[in-house]
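# Descriptive structure summary
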Amino acid sequence: MSYQVKEIQTKPYDGQKPGTSGLRKRPHVKQHYTENFVQAIFDSIEPKGATLVIGGDGRFFSPETVQTILKIGSANGVSKFIIGQNAILSTPAAHNPGGPNNDFGIKYNVSNGGPAPESVTNKIFEKTKVISSYKVIELPPLDLAKTGSFTYGPTKVDIIDSVADYVELLESIFDFPLIKSFLLTRADSFRVLFDGMHGVTGPYGKAIFVDTLGLAPSSVQNAQPLPDFGGGHPDPNLTYAHELVERVEAENINFGAASDGDGDRNMIYGKGAFVTPSDSVAIIADWAAEAIPYFKGGVKGLARSMPTSAQIDYVAKKKGLACHVVPTGWKFFGNLMDAGQLSICGEESFGTGSDHIREKDGVWAVVAWLNILAYANKQSPNELIGINELLQKHYAVYGRSFFSRYDYEEVSSEGAQKLVDALNAHIDKSSLVKTEHTSKTTGQTFTVSEVLNFDYTDPIDGSVSKNQGQIVRFTDGSRVVFRLSGTGSQGATVRMYVERYVAPEKGATELGKGTAEGLKGLIEVALEISSLTEFLGREKPTVIT
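Structural notes, computed from the coordinates.

Cut-offs and rules
- Residues numbered from 1 in each chain as written.
- Predicted model: local features only at pLDDT ≥ 70, side-chain atom pairs only at ≥ 80, totals over all residues.
- Heavy atoms only, no water.
- Helix = DSSP H or I, 4+ residues; strand = E, 2+ residues; numbered from the N terminus.
- Rg over C-alpha atoms; globule rule 2.2 N^0.38 Å.
- Buried < 20%, exposed > 50% of the residue type's maximum accessible area, 1.4 Å probe, protein only.
- Contact = heavy atoms within 4.5 Å.
- Pairing = 2+ DSSP bridges.
- Axes fitted to C-alpha atoms, helices over the stretch in contact; angles between N-to-C directions.
- Polar contact = N/O pair within 3.5 Å; in protein donor to acceptor, adjacent residues only side chain to side chain.
- Core = buried A, V, L, I, M, F, W, Y, C linked by side-chain atoms within 4.5 Å.

## As for the overall build of the protein
- Each helix and strand in the protein was counted, giving 16 helices and 26 strands.
- Computed over its C-alpha atoms, the radius of gyration of the protein comes to 24 Å, within 12% of the 24 Å expected for a compact globule of 545 residues.
- Each principal axis of the C-alpha distribution contributes one length, and for the protein these read about 80 × 60 × 40 Å.
- Across the 545 residues that make up the protein, the buried fraction comes to 54%.
- Relative to all contacts within the protein whose residues are 6 or more apart in sequence, the contacts with residues 24 or more apart total 71%.

As structure tokens, then:
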């Protein structure tokens, strides 16, 4: 096949700064916009002779962008591309709505499979500021629906069935025969429902739950990836995965699970039993070495993001494992994994994972739960152990960290900054330390023990991340965290994380309370201490998780 490398003249666009999850924008019809960013990536790495993997979550503009990457990558000397069939390959990037008027993004991951560090993303950004041309090889587009080996100019291209490869990986990690035996022998008393939310994991769900584990097709819903995710917001939480929640409750389904648009997040929800992400990673960590074949050689270490509850810390302490607390962002986990110090980790934002890859993995977490439940039921053949039973057994041993997150979206940037400044003033002056605060409705009294900004020095590469969130700690082990998530034309988002620990000796009644009841007094105190309502002008949060 003959080909010619062309150089196309262009001009920089402002604002092409990638974050941990890449460059996210509305799909651009601006001339050269996508091409500029793709070329900037290749200008920031060494593409000659490289093998690159391309995948996406099926959202609007994905197939066109894959063809663009092929044109520019081959012109820049990439030796080989591995592409998911139909551009479907779970590569964590975004869980935002898709479609012509919603988000699209491009993300570059480095050789360990994890997100590019700031040293790389900053370099890409600098290249976008000065770009004057990009290279292309203009050839007919490849048919992304056909698997096999092809060429595009000088570049080899393998189009693979990424679903089959992933199922093979999971079968090497989990005890699929045990899971299948449990689900089929308990088919009448233990039902499963997986919701793909019209994102990338729908085909994975069908391959795992129907084709491999032998469940009925009705055990998977919204399994067809759609460019606009069916008009929904593919974020697996109680608000946006309401279709799953409603069906689980109406049909008395024992085990429900959802994953998001790009497949990296998950929610576990059974009849009357919602599992917080903080509890989910703690329970996986507790059972891993005993129940999951991948961890039979032992767990190297545990970790959580700072805002995530300390539930996993109690597991680590009991098992004699290190538990790292890192800023929000999966790249911090990746460094620990590469250094052999971390096996299982999670974030309160519905992200859970292990060192089998360097990204969070929603489907992995769902199958981990099924593996644990199958194992627990094998150990107790005369008692059906479901989600709620597993939770209560866990709390009876480790106690319970009641946890909730309040999101205040699109608030005044000025008001949000005033909130941050006021908390910083308390930190500088230690003016809150030893002060007592009593809830008017519950009568509970909380005494402040410490107020600080969370800073992190990476133990592997020595990099320092400052001002990652403001923490108010109390003498009973409770805490409240405030994080300013972003500013811009639509205002800011302020997140408040509330956590209250109840020891196991408090008994089943106290441990079994609803989250809202368990946290009511502390939430009142948190709002009083921070003056959040006054600063933000909001009586209620936008979203509670």
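More follows now that the structure is in view.
## Section: the sheet that holds strand β15 (residues 323-326)
- Strand order in the open sheet made by the four strands is β15-β14-β16-β17, with mixed pairing throughout. At either end of the open sheet lies a strand with only one pairing partner, and these are β15 and β17 (351-354). Between one strand axis and the next, the sheet turns through 15° on average, direction left out of account.
- With four bridges connecting them, strand β14 (residues 302-305) and β15 associate as parallel partners.

## Describing the side chain of Asp-407
- Tracing the sequence through the fold places Asp-407 in strand β18 (residues 400-411).
- Since its relative accessible area comes to 3%, Asp-407 is described here as buried.
- Within the local environment of Asp-407, its side chain forms a polar contact with the side chain of Arg-495, the two groups lying 3.3 Å apart.

## Comments concerning the nonpolar core
- In terms of nonpolar packing, the biggest core is built from 95 residues, with Leu-170, Phe-174, Ile-208, Phe-255 and Trp-369 touching the most fellow members.
- Top contributing element to this core by residue count: helix α11 (residues 362-379), with 13 residues.
- Filtering out sequence-adjacent residues up to four positions away, Trp-369 remains in contact with Phe-255, Ile-268, Val-275, Ser-280, Ile-283, Ile-284, Ile-387 and Leu-390.
- Membership of the second largest hydrophobic core comes to 34 residues, among which are Val-38, Phe-104, Tyr-152 and Ile-159.

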